[in-house]
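An overview of the molecular structure
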Amino acid sequence: MKERIFLSSPHMSEEGYELEYVHEAFATNWIAPLGVNVDQFEIELADMVGARAAVALSSATAAIHLALKAAGVGEGDIVFCQSLTFSASANPILYEKAVPVFIDSDEKTWNMSPDALEAAFEKYPQAKAVIVVHLYGLSADMDRIKAISEKYGAVVIEDAAESLGSFYKGKPTGTFGDYGVYSFNGNKIITTSGGGMLVSNREDKMQKVKFWATQARDPARHYQHSELGYNYRLSNVLAGIGRGQLKVLRDRVEKKRAIYAFYKKELGHLAGISFMPDNEWDAPNYWLSALLLDGPMLPDDVIDALEKENIESRPLWKPMHLQPYFERFDFIGTGVAETLFEKGICLPSDTKMTEADLERVVSIIRDVWVSKWKLQPTGSVLPDVKYIEGL
Ligand SMILES: *Cc1c(COP(=O)(O)O)cnc(C)c1O
């Protein structure tokens, strides 16, 4: 069996930056959820994205949870959440016993549809917060989403877990909303094995977030608590990994962009295949190269063929309003998210992939494509014949 090719796996720097910071944590015995690496990781990331404050946390899920608390979301409050996303965007709404209403996607961005959001506010003008996601590093249309949310006085939380290194109109994603969230889980563009960061310009609120994240300890010698606390801070050892990874973020984006360009060049002209949207205001990090298959070749055909060759690929996220746990909640939209889920596939986008790896993936997909078109009843005429002759 050939060596496995992953969708996106951890990629430490060749220079060993991460280990230097980890060594420092060991040498100073700061093996704790505080220390120089935590403080510096926050400062370095805040500087990089241009946010006034950052709090390093044990996960992006924890960051979304505390952003909701900071937004004042509580029992029974309505929170609008992009439906096409990973469940971690929505779960924290339930931690606070608030009520999610799921919002459809826009074909133009694959992210939250501003039109559906507007319709949602007409139905629920009292909604407290909006969780918008930048999937696969593509940015949502933040100008419109912010304008609509502001009109109704709702707090905007940007789930930028997948989009560190992406820009919307020249400014980093995660810095448009009242709060922005990044993830350093093992599959993300940079990783600390597990971890997250909350950023915001609301320094007062961020002080409160730090307080909640460290067990809500009042300033007293005897462990005094006047609020519910959480143990959500990031370890100083892991923050060291994060500081090293920040140094190679630009390189990772470059490689992800090259992977995407390769797939697009090799597959983009085949009938029935279209790539993720390319908006002029968008500078994605291309975390995952994703595309839509319109038949006769379908996502499962490609996923199965790649898996046989020990190569990982996946469908797009299954929308929350179609999930057994969440389907009891309201959904506002027309079915765009569902169509994206049915047609979409994420190709292996691991930054350690070689040119030969990429060629392997592409040649498997071409074979599936040819076999599917040959099975077509309509005279079995293969489209794009010029290309086929070159095979
Ligand atoms: C990975 C991910 C999260 C959760 O991040 P963790 O750090 O694993 O908690 C949240 N939202 C989206 C869109 C993600 O992809």
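A short tour of the structure in this document, coming up. Please read these numbers as outputs of a predicted model, since none were measured by experiment.

Conventions and cut-offs
Residues numbered from 1 in each chain as written. Predicted model: local features only at pLDDT ≥ 70, side-chain atom pairs only at ≥ 80, totals over all residues. Heavy atoms only, no water. Salt bridge = Lys/Arg side-chain N within 4 Å of Asp/Glu carboxyl O. Helix = DSSP H or I, 4+ residues; strand = E, 2+ residues; numbered from the N terminus. Buried < 20%, exposed > 50% of the residue type's maximum accessible area, 1.4 Å probe, protein only. Pairing = 2+ DSSP bridges. Contact = heavy atoms within 4.5 Å. Axes fitted to C-alpha atoms, helices over the stretch in contact; angles between N-to-C directions. Phe/Tyr/Trp six-rings, centres within 6.5 Å; stacked < 30°, edge-to-face > 60°. Lys NZ or Arg CZ within 6 Å of the ring centre and 35° of its normal.

Remarks on the pattern of salt bridges
Applying the stated rule across the entire model yields 17 salt bridges. In this structure, the salt-bridge partner of Lys208 is Glu227, at a minimum N-O distance of 2.6 Å. Here the residue Lys208 occupies a position in helix 7 (residues 203-213), and Glu227 occupies one in the loop between helix 7 and helix 8 (236-246), the gap between them amounting to 19 residues. Note that Arg366 and Glu266 form a salt bridge whose closest N and O atoms lie 2.5 Å from each other. With Arg366 in helix 12 (residues 355-374) and Glu266 in helix 9 (residues 249-267), this pair connects stretches of sequence that are 100 residues apart. The burial state of Arg366 is the same as that of Glu266; both residues are buried. Through salt bridges with shared partners, a single ionic network connects Glu42, Lys210 and Arg233.

Details of the sheet that holds strand 1 (residues 53-57)
The strand order 1-9-8-5-4-2-3-14 describes an open sheet built from 8 strands, whose pairing is mixed. In this open sheet, the two strands that pair with only one neighbour each are strand 1 and strand 14 (331-332). Those strands touched by helix 2 (residues 36-49) are strand 1, strand 8 (179-183) and strand 9 (196-200), and its axis lies near 130° from that of strand 1.

Topic: the sheet that holds strand 11 (residues 282-283)
Strands in a sheet are paired, the pairing made by backbone hydrogen bonds, and the direction either parallel or antiparallel. The sheet built from 3 strands is open, its strands ordered 7-6-11 with antiparallel pairing. Of all the strands in the sheet, just strand 7 (171-172) and strand 11 have a single pairing partner and so form its edges. Examined bridge by bridge, strand 6 (residues 167-168) and strand 11 share 2 bridges and lie antiparallel to one another. The residue of strand 11 that forms the bridge with Tyr168 is Asp282.

Some details on the packing of aromatic side chains
Working definition: an aromatic ring pair is given by the centre-to-centre distance plus the angle between the planes. Following the criterion strictly, the structure yields 15 aromatic pairs and no others. Judged by centre distance (4.8 Å) and plane angle (80°), the ring pair of Phe80 and Phe121 falls under edge-to-face. Of this pair, Phe80 sits in strand 2 (residues 78-82) while Phe121 is found in helix 5 (residues 114-123), placing the two residues 41 residues apart along the sequence. The buried category is assigned to Phe80, whose relative accessible area is 0%. Classification of Phe121 by relative accessible area gives buried; the value is 0%. Arranged with centres 5.5 Å apart and planes meeting at 80°, the rings of Phe102 and Phe326 form a pair that is edge-to-face. Note that Phe102 is positioned in strand 3 (residues 99-103) and Phe326 in the loop between strand 13 (314-315) and strand 14, a separation of 224 residues in sequence. Each member of the pair, Phe102 together with Phe326, is buried. Put simply, the rings of Phe80, Phe121, Tyr124 and Tyr152 touch in pairs and so form one group of aromatic residues. Over the aromatic face of Trp212 sits the side chain of Lys69, whose NZ or CZ is 4.8 Å from the ring centroid.

Fair warning: the whole summary comes from geometry, so function is off the table for now.
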